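Reading the structure
Residues per chain are reported as follows:
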Amino acid sequence: MAEKQFPKGFLWGGATAANQYEGGWDLGGRGPATSDTAKAVRPEERQNLEGFSAAMTREKVEFALHDKEGLYPKRWGTDFYHRYKEDIALFAEMGFKTFRLSIAWSRIFPNGDDAQPNEEGLAFYDAVFDELGKYGIEPLVTLSHYETPIHLALEYGGWKDRRVIAFFEKYARTVFERYQDKVKYWLTFNEINIMGISGYVGGGLLFEDGKQNFQDLYQAAHHQFVASSLAVKAAREINPQFQVGMMLARMQAYPATCNPLDVMEEIKKDHENLFFSDVQVRGKYPAYAKRFFKEKGIELEIADGDLELLAQYPVDFMSFSYYMSSVARASEGSGEKTAGNFSLGEKNPYLEASDWGWQIDPVGLRITLNNLYDRYQVPLFIVENGLGALDKVEADGSIHDSYRIDYMKAHIEQMYEAIEDGVELMGYTPWGCIDLVSASTSEMSKRYGFIYVDADDEGHGTYDRSRKDSFYWYQEVIESNGASVLNEKGAEQE
Ligand code: BG6
């Protein structure tokens, strides 16, 4: 039997974001961003995503910016700013074909609404892209990954103000023009559906009464949809070779039982999640949105030309993060709860969970790929997936992360099955390919990397890099284009 492997040209790589990795928050002319106000969560508070999804007020933001006592680890991340050459050499050693990173908007426009871009910031990413180019690694660049310039939050209330659209368009045009020969793949907003959960993380929204409201969240989402289409338009004008994608935190819901009410609940949950990709991939608001808006009391202000713009400039491909699935039940309360990246959900008795309570569901990835491809018929890209775990460094410095290898192996097998099912899959960039600060808890001890970074939750350590067992394992996966996993004796058969 012929050896199984992934399609030729499959983009293997890894993913990061400036707000958790880059650091240098006050260097090179960078302005502060919303992520700089995220305080580290203690292990005993992990189930309480207060810092991540709570409503933010001006007072809280200003307190964080001037706080001398608190710990704000995203400000230094894991120091890509100073170590990008060393890190990129390690990615090249693993054989990366692509590397996902984000540009910190406030490194280019420190306040977000500046008249001129910051040349030092532009030069930094030139150097990064040139370094990637040396190794033939294709950058995959997110324009906005949880790092809205703080000035836009304080001055405009973030994305709920329509004026922010024009600032974003200017930023997108600036980087598209500058890097037009160095970058081909772009994503507009990371996990754009975060806007339904945390307006501050998603777009610097402030809620002075301390309570988020749907009206502002969905108005801000509308502004991001328009901004994303304007970015697609700019991309077409600047370099027709550009490929621009949207990015969704996908969470496939399963009905808790075959009770039709649970199935209907699953459809509702799916609608809440897929609403964002429905708009960005299909270029129009889905029919079900009408009822959802009515029930939530949302009345969108849509300017002349907005809907035409959405229809004319949908994205070229769809990317998504996949960490877990969820359970939908119509009646409240019977199931046990478990953690997830956005919220607490019901425990699925068929699945195991990570150290942080995120349920591990490789078959769910195949289901997700099939469902998304059936729905949209556009190329898909898995731009985040992985296991956040506590790693142990042995006395000789080695790190035996077999749990991470098992997790990835199982997901890669299911990706292959989905491709065999007919899904068009562009590539795979596991999250946090090098250890970085957690988005939800700002901890260091929640590690995803193939590369270990010597740093603890308090920011102590040398920040030196070392290779985990998974580094060598992933190197072989890429080298063999997946064959090392797919043809392993005992590899899961359909
Ligand atoms: C995604 C985000 O939600 O999940 C990343 O796009 C994040 O920024 C990742 O880091 C994992 O979440 P966490 O909270 O474990 O870092």
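In this report, the structure presented in the accompanying data block is examined. (Residues numbered from 1 in each chain as written. Predicted model: local features only at pLDDT ≥ 70, side-chain atom pairs only at ≥ 80, totals over all residues. Heavy atoms only, no water.)

Notes on the packing of aromatic side chains
- Under the criterion given, the structure shown has 50 aromatic pairs.
- Note on W159 and F189: the rings are 5.3 Å apart at their centroids and 85° apart in plane angle, and the pair reads as edge-to-face. Here W159, found in the loop between α7 (150–156) and α8 (163–178), pairs with F189, found in strand β4 (residues 185–189); they are 30 residues apart in sequence, far enough to count as distant.
- Sitting above the plane of the W25 ring, R75 keeps its charged end 4.2 Å from the centroid.
- Directly above the ring of F471 sits R467, whose terminal nitrogen or CZ lies 5.4 Å from the centroid. (Phe/Tyr/Trp six-rings, centres within 6.5 Å; stacked < 30°, edge-to-face > 60°. Helix = DSSP H or I, 4+ residues; strand = E, 2+ residues; numbered from the N terminus. Lys NZ or Arg CZ within 6 Å of the ring centre and 35° of its normal.)

Regarding the site of the ligand
- In the neighbourhood of the ligand, 15 residues make up the surrounding shell, with E191, A439, S440, K446 and Y448 lying closest.
- Contacts to the ligand include K446, whose side-chain N or O atom sits 2.7 Å from an oxygen atom.
- Relative to its free-state accessible area of 380 Å², the ligand is covered by the protein chains to the extent of 99%.
- Residue composition of the shell around the ligand, by class: six nonpolar, six polar and three charged. (Near = heavy atom within 4 Å. Polar contact = N/O pair within 3.5 Å; in protein donor to acceptor, adjacent residues only side chain to side chain. Areas by Shrake-Rupley, 256 points an atom, 1.4 Å probe, with all protein chains shown as cover. Nonpolar A, V, L, I, M, F, W, Y, C, P; charged D, E, K, R; others polar.)

Side note on helix α14 (residues 362–376)
- With 15 residues, α14 should cover 21 Å at 1.5 Å per step; its first-to-last C-alpha distance of 21 Å lies within 8% of that length.
- Of the residues one or two after α14, Q377 is the one with positive phi, at around 55°. (Expected span 1.5 Å × (residues − 1).)

A closer look at the pairing of strand β7 (residues 317–321)
- Here β7 lies mainly inside the structure; five of its five residues are buried.
- As defined by bridge partners, β7 adjoins strand β13 (residues 380–384) across four bridges and the pair is classed as parallel. If you follow S319 over to β13, its bridge partner there is F381. (Buried < 20%, exposed > 50% of the residue type's maximum accessible area, 1.4 Å probe, protein only. Pairing = 2+ DSSP bridges.)

Quick word on the pairing of strand β14 (residues 425–428)
- Sheet analysis places strand β1 (residues 11–15) next to β14, joined by two bridges and oriented parallel. Residue W12 lies in a different strand from β14, and its bridge partner there is Y428.
- As judged from the two bridges shared by β13 and β14, these two strands associate in the parallel manner. For L380, the partnering residue across the bridge sits in β14 and is L425.

What about the sheet that holds β14?
- A barrel is described by the order of its strands in space; here eight strands give the closed sequence β1-β2-β3-β4-β5-β7-β13-β14, paired in parallel fashion. Mean inter-strand twist for the sheet, computed between neighbouring axes without regard to direction, equals 30°.
- Sheet strands touched by α8: β3 (138–144) and β4. Its angle to β3, the strand with the most contacts, is close to 165°.
- The strands touched by helix α11 (residues 260–282) within the sheet are β4, β5 (243–249) and β7, with β5 carrying the most contacts at an inclination of about 170°. (Axes fitted to C-alpha atoms, helices over the stretch in contact; angles between N-to-C directions. Contact = heavy atoms within 4.5 Å.)

Regarding the environment of Y84
- Examined against the element boundaries, Y84 turns out to sit in helix α4 (residues 80–94).
- With 238 residues separating them along the chain, Y84 and Y322 place their C-alpha atoms 26 Å apart.
- Among all residues touching Y84, those that are not within four sequence positions of it are F124, A127, V128 and E131.

A short note on the nonpolar core
- Ranked by size, the top nonpolar core spans 132 residues in total, and within it F91, W159, F176, W186 and M415 carry the most contacts.
- The element contributing the most residues to this core is helix α10 (residues 214–238), with 13 residues.
- Filtering out sequence-adjacent residues up to four positions away, W186 remains in contact with I103, L140, V141, L143, V175, F176, Y179, F242, Q243, V244, G245 and F317.
- If you look at the next biggest cluster of nonpolar residues, it comprises nine residues, including L187, F317, V383 and M426. (Core = buried A, V, L, I, M, F, W, Y, C linked by side-chain atoms within 4.5 Å.)

A few points about the environment of L152
- One can find L152 in helix α7.
- A relative accessible area of 0% means that L152 is categorised as buried.
- Among all residues touching L152, those that are not within four sequence positions of it are W105, N111, G112, D113, G157, G158, V164 and F167.

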